[in-house]
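One letter stands for each residue in the lines below.
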Amino acid sequence: MRQTLLALLTGQGEPDLGDVARAFAQACEAAGGVVHLSDGRDLSVGGAWPPQPLAQAALRVPVGHGVVGLVARNGHAVRLGEDRPRNSVHRQLLGIGDGGFVARMCLPARGVDGQILAVVAVHRATTQPFS
């Protein structure tokens, strides 16, 4: 993962955040990943793998709400053995139906000054929780 992320971050122009989500997901043996960008008030999807363009464009999470919103507010990583976001667009992005659950790990991504710029989240089946 380190080589993949370094290659993405040192390339010309801005990195494709879908590629960053894929690199984290693959390194964590996850089914998918999402990079949620923070403007300090709301989180939007900067990139996801596998891509879900409609859900990515529609999902907005207020900082402080839901798991990714709490990570964006308090800066503490979270692991959940079983999670089902209430937001139907978020469930679509994670590839789970109304009754489905996923195991999730959400990590804050900080800038040089310590400000939380994003939350990187990976997910997989509940039968394989993150340790």
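The text that follows walks through the structure, step by step, so that each part is easy to find. (Residues numbered from 1 in each chain as written. Predicted model: local features only at pLDDT ≥ 70, side-chain atom pairs only at ≥ 80, totals over all residues. Heavy atoms only, no water.)

1. Examining the pairing of strand β5 (residues 102-110)
Here's step 1: The pairing of strand β4 (residues 78-83) with β5 spans 4 bridges and is antiparallel. If you follow Leu80 over to β5, its bridge partner there is Arg104.
Here's step 2: In the sheet, β5 pairs with strand β6 (residues 116-124) via 8 bridges, with the strands oriented antiparallel. Looking across to β6, one finds that Arg110 is bridged to Ile116.
Here's step 3: Hairpin connection between β5 and β6: a loop of 5 residues separates the two successive antiparallel strands, and Gly114 in this loop has a positive phi of roughly 90°. (Pairing = 2+ DSSP bridges. Helix = DSSP H or I, 4+ residues; strand = E, 2+ residues; numbered from the N terminus.)

2. Brief notes about the side chain of His123
Here's step 1: Relative to the assigned elements, His123 resides in strand β6.
Here's step 2: Contacts of His123, omitting those with residues within four sequence positions, involve Ala30, Ala31, Gly32, Gly33, Leu94, Val102, Ala103, Arg104 and Phe130. (Contact = heavy atoms within 4.5 Å.)

3. Description of the pairing of strand β1 (residues 32-38)
Here's step 1: Most of β1 is tucked away, with 5 of its 7 residues classed as buried.
Here's step 2: Bridging between β1 and β6 involves 6 bridges; their strand directions are antiparallel. From the neighbouring strand, Gly32 faces β6, where its bridge partner is His123.
Here's step 3: Where β1 lies against strand β2 (residues 42-49), 6 bridges are found, and the strand directions are antiparallel. Considered in β2, the bridge of His36 is made with Val45.
Here's step 4: Remark: 3 residues form the turn of the hairpin made by β1 and β2, two consecutive strands paired antiparallel; Gly40 in that turn has positive phi of roughly 95°. (Buried < 20%, exposed > 50% of the residue type's maximum accessible area, 1.4 Å probe, protein only.)

4. A short note on the environment of Asn87
Here's step 1: With respect to the helices and strands, the residue Asn87 is situated in the loop between β4 and α5 (88-94).
Here's step 2: Judged by relative accessible area, Asn87 falls into the partly exposed class, the value being 33%.
Here's step 3: In terms of polar contacts, Asn87 uses its side chain to reach the backbone amide nitrogen of Val89, at 2.7 Å. (Polar contact = N/O pair within 3.5 Å; in protein donor to acceptor, adjacent residues only side chain to side chain.)

5. Describing the pattern of salt bridges
Two side chains of opposite charge can pair, provided their charged atoms sit close to one another.
Here's step 1: Scanning all chains against the criterion turns up 3 salt bridges.
Here's step 2: Arg22 is the salt-bridge partner of Asp19, the closest N and O atoms lying 2.8 Å from each other. Linking Asp19 with Arg22, this pair stays in helix α2 (residues 17-27), spanning 3 residues, or about one helical turn.
Here's step 3: Here Asp83 and Arg104 are joined by a salt bridge, their closest N and O atoms 2.6 Å apart. With Asp83 in strand β4 and Arg104 in strand β5, the pair connects residues that are 21 residues apart, well separated along the chain. Per residue, the accessibility class of Asp83 equals that of Arg104, and both read buried. (Salt bridge = Lys/Arg side-chain N within 4 Å of Asp/Glu carboxyl O.)

6. Concerning α2
Here's step 1: For α2, every residue scored as buried is listed here: Gly18, Val20, Ala21, Ala23, Phe24 and Ala25.
Here's step 2: The N-cap residue of α2 is Asp16: its side-chain oxygen and the backbone nitrogen of Gly18 are 2.7 Å apart.
Here's step 3: Immediately downstream of α2, the backbone of Glu29 shows phi near 55°, a positive value.

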